[in-house]
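Residue-level structure breakdown
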Amino acid sequence: MSFIMRWKWAGPAVVVWLLLGWLGSPHVRAQKDKELAGDVYPTPVEPTTASKLYYGVAACQGGSCHDGKPPVSWVDGKQVNVRCDELIRWKKYDKHDNAFLSLQSPRGKRMGQLLGYDPDPKTWKTCLTCHAVWIGDDKLEKASKEVNFKVEEGVNCVACHGHYEEWVPSHSILVTARKFRPLSRSEKWSKYGMIDLKDPLKRAELCASCHVGNMAQEKFVTHEMYAAGHPPLPSFELATFSNEMPRHWQLLREKSPALQKEIGLSPGELEETKLLLIGAAVALRDNMRLLQADAVSNHVKNGDGLDIAHFDCYACHHDLKADSWRLKRGYDKNRKPGRVGLRPWSVELVKLAIAADEKTASTRSAEYEKLVADLNKVFDSRPYGNPTEVAAAAKKLDKFAHELALSLSSPKRIFKVDDTTRLLKAIPTIYEPATKLYDYDSARQISWAHEILKKELVRIRIPGEVQEDNSNLVAVDVELKGINDLLRLRLPRKSTGESLSSEYQTTLERISKWDPFRARSVFASFK
Amino acid sequence: MRFLIVTTAIGLPLLLCFATPSRSDVRPGVLLVPPVTVGVASCAAGSCHHGNGNLGSKGSEYSTWIAIDPHAKAYRALFNADSRRIQKNLGGGNAHENPTCLACHGMGQDLPASIQADGVGCEQCHGPAEKWKSSHYLPGFDRSTTGFVDLRELGSRADSCMKCHVGDETREVNHDLIAAGHPRLKFEFAAYYANYPRHWTYRENEERSLLPDQEARLWVVGQAASARAALDLLATRAERSEKNWPEFAEYDCASCHHDLLDESSRRDRASRMVAKGRKPGELPWADWYHVVPRLTGSQALRIRYAAIENEMARRVPRAKDVAREARAAATLLRADLSAAVTAKYAAEQVNRLTTTLARRDDVAADGWDSAAQLYLGLAALSATRDVPVDRKADLKAMRDVLYGSYKPGARSLYDLPTKYDPKKLIPLLKKFE
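Residues numbered from 1 in each chain as written. Chains lettered and ligands numbered in written order. Predicted model: local features only at pLDDT ≥ 70, side-chain atom pairs only at ≥ 80, totals over all residues. Heavy atoms only, no water.

Going from Met245 of chain A to Pro246 of chain A, the amide bond is cis rather than trans, its omega being 0°. Summarising the element assignment, Pro246 of chain A is placed in the loop between helix 15 (238-244) and helix 16 (257-263). In the segment running from Trp245 of chain B into Pro246 of chain B, the intervening peptide bond is cis, with an omega of 0°. One non-glycine residue, Asp76 of chain A, lies in positive phi territory at about 50°. For Asp76 of chain A, the location among the structural elements is in the loop between helix 3 (26-40) and helix 4 (86-93). (Helix = DSSP H or I, 4+ residues; strand = E, 2+ residues; numbered from the N terminus.)

Let us look at the packing of aromatic side chains. Applying the stated criterion to the full structure yields 22 aromatic pairs over all chains. Seen in terms of ring centroids, Trp132 of chain B and Phe148 of chain B are 5.0 Å apart; in terms of plane orientation they differ by 90°. Their pairing is edge-to-face. Here Trp132 of chain B is found in the loop between helix 6 (122-126) and helix 7 (154-165), whereas its partner Phe148 of chain B is found in the loop between helix 6 and helix 7, with 16 residues between them in sequence. By relative accessible area, which is 7% here, Trp132 of chain B ends up buried. Through pairs of rings, three or more aromatic residues link up here, namely Phe311, Phe379 and Tyr384 of chain A together with Phe248 of chain B. Above the face of the Tyr93 of chain A ring, Arg493 of chain A is positioned so that its terminal group lies 5.6 Å from the ring centre. Taking the ring centre of Tyr305 of chain B as reference, the NZ or CZ of Arg294 of chain B above it sits at 5.5 Å. (Phe/Tyr/Trp six-rings, centres within 6.5 Å; stacked < 30°, edge-to-face > 60°. Buried < 20%, exposed > 50% of the residue type's maximum accessible area, 1.4 Å probe, protein only. Lys NZ or Arg CZ within 6 Å of the ring centre and 35° of its normal.)

All names here are of chain A. Taken together, Ile173, Leu174 and Val175 make up a surface patch of nonpolar side chains, about 270 Å² in accessible area. You can see Val175 is positioned in helix 11 (residues 174-180). What makes Val175 exposed here is its relative accessible area of 63%. (Patch = residues over 30% accessible without salt bridge, like charges linked within 9 Å, V, L, I, M, F, W, Y side chains within 5 Å. Areas by Shrake-Rupley, 256 points an atom, 1.4 Å probe, with all protein chains shown as cover. Salt bridge = Lys/Arg side-chain N within 4 Å of Asp/Glu carboxyl O.)

All right, on to the pattern of salt bridges then. Residue and element names in this part refer to chain B. Per the counting criterion, the structure on display carries 78 salt bridges over all chains. For Lys131, the salt bridge identified is with Glu130, shortest N-O distance 3.9 Å. Where Glu250 meets Arg237, a salt bridge forms, and the shortest distance between an N and an O atom there is 2.8 Å. Here the residue Glu250 occupies a position in the loop between helix 10 (214-239) and helix 11 (253-256), and Arg237 occupies one in helix 10, the gap between them amounting to 13 residues. Using a relative accessible area of 6% as the deciding quantity, one classes Glu250 as buried.

With that out of the way, let us pick up the confidence of the model for chain B. Residue and element names in this part refer to chain B. With 90% of its residues at a pLDDT of at least 70, chain B reaches an overall mean of 89. For chain B, per-element mean pLDDT is lowest for helix 1 (residues 2-19), which scores 45, and highest for helix 14 (residues 299-312), which scores 97. Taken together, the stretch residues 10-31 has pLDDT below 50 and engages in 9 contacts with residues farther than four places along the chain or on a different chain. (pLDDT = per-residue confidence, 0-100. Contact = heavy atoms within 4.5 Å.)

Attention now goes to the environment of Val212 of chain A. Residues and elements named next belong to chain A. Looking at where Val212 falls in the secondary structure, it is placed in the loop between helix 13 (200-211) and helix 14 (223-228). The exposure class of Val212 is buried, given its relative accessible area of 9%. Measuring from C-alpha to C-alpha, the distance between Val212 and Pro234 comes to 9.0 Å, with 22 residues separating the pair along the chain. For Val212, the contacting residues outside a window of four places in its chain are Leu233, Phe236, Ala283, Asp286, Asn287, Leu290 and Trp345.

What follows concerns the interface of chain B and chain A. Every contact between the two is made by 48 residues of chain B and, on the other side, 49 residues of chain A. Summed over both partners, the interface of chain B with chain A comes to about 4,500 Å²; 59% of that surface belongs to carbon and sulfur atoms. A salt bridge links Arg339 of chain A to Asp176 of chain B; the nearest nitrogen and oxygen atoms lie 2.8 Å apart. Elements with a minimum of two residues in the side of chain B that touches chain A: helix 1, helix 3 (81-89), helix 8 (175-180), helix 11 and helix 12 (263-275) of chain B. Top contributing element to the side of chain B that touches chain A by residue count: helix 1 of chain B, with 8 residues. (Buried area = accessible area lost by both parts, 1.4 Å probe.)

Time to look at helix 15 (residues 319-342) of chain B. The end-to-end C-alpha separation of helix 15 of chain B is 35 Å, in line with the 34 Å expected for 24 residues at 1.5 Å each. Looking at the packing, one finds that the buried side of helix 15 of chain B touches helix 7, helix 10 and helix 14 of chain B. (Expected span 1.5 Å × (residues − 1).)

With respect to the helices and strands, the residue Gln223 of chain B is situated in helix 10. The class of Gln223 of chain B is buried, set by a relative accessible area of 4%.

It is worth spelling out the environment of Ser447 of chain A at this point. Residues and elements named next belong to chain A. Among the structural elements, Ser447 can be located in helix 25 (residues 440-460). Taking the C-alpha atoms as reference points, Ser447 and Leu480, 33 residues apart in sequence, are found 9.0 Å from one another. Beyond its immediate sequence surroundings of up to four residues, Ser447 is in contact with Ile483, Leu487, Leu489, Phe523 and Phe526. A distance of 2.7 Å separates a polar atom in the side chain of Ser447 from the backbone oxygen of Ala443. (Polar contact = N/O pair within 3.5 Å; in protein donor to acceptor, adjacent residues only side chain to side chain.)

A few words now on the packing of helix 6 (residues 106-114) of chain A against helix 12 of chain B. The packing of two helices is summarised by the inter-axis angle and the distance between the axes. Between helix 6 of chain A and helix 12 of chain B, the least distance of the axes is 10 Å, while the angle of their chain directions is 25°. Relative to helix 12 of chain B, helix 6 of chain A is oriented roughly parallel. In the crossing of helix 6 of chain A with helix 12 of chain B, the sense of the turn from one axis to the other is left-handed. Every residue of helix 12 of chain B that contacts helix 6 of chain A at Arg107, Arg110 and Leu114 of chain A is listed here: Glu263, Arg267, Asp268, Ala270, Ser271 and Val274 of chain B. Looking at the contact of helix 6 of chain A with helix 12 of chain B residue by residue, the class counts come to 3 nonpolar, 1 polar and 5 charged. (Axes fitted to C-alpha atoms, helices over the stretch in contact; angles between N-to-C directions. Parallel < 35°, antiparallel > 145°, perpendicular 65-115°, else oblique. Left-handed = near helix turned anticlockwise from the far one by under 90°. Nonpolar A, V, L, I, M, F, W, Y, C, P; charged D, E, K, R; others polar.)

Right under this line is the structure:
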């Protein structure tokens, strides 16, 4: 080949290199990461006729139905179908209201500095997707500000109930409410944009998007954020978290029989049991989606490992001690010393959700154990796991958990006293708490499930109940005191900014002192 | 346009061909049969090395070793409770039959149990004796005889320790082994040398009275040798299968292994990392073997170190780049090592080194490992000159801070010095300026 001929290659070579360079640029990378995440997260269904608009809390406040002033009469003489003190509870107790303020706390500021963010927290997109509402569209933001949208309001009403223009006035003005009220829950969503949070699956997905994470919505607490000061994200159990907000809504069983009929509660149905089981399946599913989205992202494909945030925090974060319970425990025969596994809590409660359907329990359980073992294996196969194989294994678990969630959430699937009693009795068999060793988060998940089932049985047995009978619940609380002392089953309520730090500190102390050998005796009280 | 399409169509695959690494770097096979290890029994004749004289005296090398040298107990350690636990965690079987353990706790791999049972015997350091056992005492013995390792040279003496105490391509304590229960390795040549029950007498050329700078030399040589060994081990780890990459043992244990209770110290760590241009939550490459060479080394060495440090900060460092930089740094250190063996350490230079260490309160703040290396350096350098009494007191005070960083009743082989407080150590460090 002549010298001249050789130079002919230069043109195409430059083109190819420029192309490769462009494909590797941060913008294209982020775009491609998003597309890949899209493969993992199904495109969300949008309402057909409603248009996006983010109302501020003011829209729900002052003289309206959620501020402690129930209207004298409502459409066609029907009862108001809410408790009417939602905002009062929200302002008084609910931490979601403080979500943005925590970014301005000393901890938040320090995090911002360490992460190299702009001084103004209103620009911190990676935080605001969960700590407030991130609109991300100038025009829409401007329009929303005209209806009193304020990022300072944190996770505001429409963050969960639907950031759409139509449903807000439609459900609250007497004239339009007449037309709105008789609509089905799905029509209220599809035509007006009011999210159907009474559907356990929808609620689970919504809560899990922050409490587990959702890469497509850019909600992900990375290890870098933790290292800069973000408190450890606790494990997530939907039924408990709903109660602990505290609930600013009534469970259907607390409503009048007329409303139960109108909204849809079968006689004798135990809704919290259903919520617990669906929440368990969705938490795993969305954890697996988070894992897949990270594993298939371009930066991981280009050689970075999975984000450390996916891994078991306390596998590394413990003091090294010669007399440690970890050394006493040793390793499961299928696991490899020195390798870090998945954060373990999300796989636990699914076992209970599988047990809910007696017919399929044994085959599903065997399949599930294998899928989890396969995932653990590829986590152990190299430090930080093998991302491609992790994505494949997570995809299978995602599918499994999704199908489980769908089967549980069918409106025909009604849980009654017998189901809940059976599941409560199954806990010692499934989890063998007197012999097996659990990490803090998993132990908490199991304990929460146990508590939810136990309390729902106590509650449902009060005939014609509208108000809670506290004496029965108090008895359960007394029984669970040992577990509560060990794991703090109650979650903190609203407080101002940094004073939550003392709460984190006691949580960290409990985790630091966690000894699964000692915990077994407390769990032995599960009956 | 058509030209462009055609040339791209042909050019792209061709370009990819060029980009693929060639497979011609096959090394010629090793044809020589390695010399055989014969075991300590052949050295233990009464008239040779088992004179049963005073410990450490000439002719009583074996007697000294078998009586007080911990290396003689290395094999027996494989039967203790810690070893049994490690082996159980590794999947069962016996530690004394596991080649990984025998590489350092016995006489090497592929040897009969009778020889392994010697522990770390003569030939682990002096070389397999098959070819030289019957000639090494004769006049005119050729020290280049196959298998013989000439340990008179300080550099090769240091290297002989590094094989096991740091590791090499056939011996290592990696994170998998540590997680199974093996203590991490934390070797510092001068300190180990000072505490070693020597089975040899000083020869004239290294008599302390004749070479008053010997302590400084041991420290400088040891630092270069251990850093060299650690870098070669890093390169070996990077060059191997990605199944073990990144190797967690390359990182500072305490950077991950701490509970989450002490928030303020964690935030301080994050701030220090950010100040160094790192991100919070990255794993910092370990300091133990490299903190001193990075302080005292040449500009060229520091550039290599910076490159390794940058790469190791990535979650999955690019193994090829790490291996290349580590090998290059190891080469520089090999040259430093040879120079350090023959160099003279005048009071002026010792003072300069002392000040270099004493001024680095930022290094002392990095953690216990870095602080301990500063202390070990100051201790060696202080022992070089006529030691003023107050130095001993200062060194003891530093030692107390370092030992005091362990919780009461801790086993320092396993526990981390979680109570380390730089604020207590730094004022003591300053006294050496």
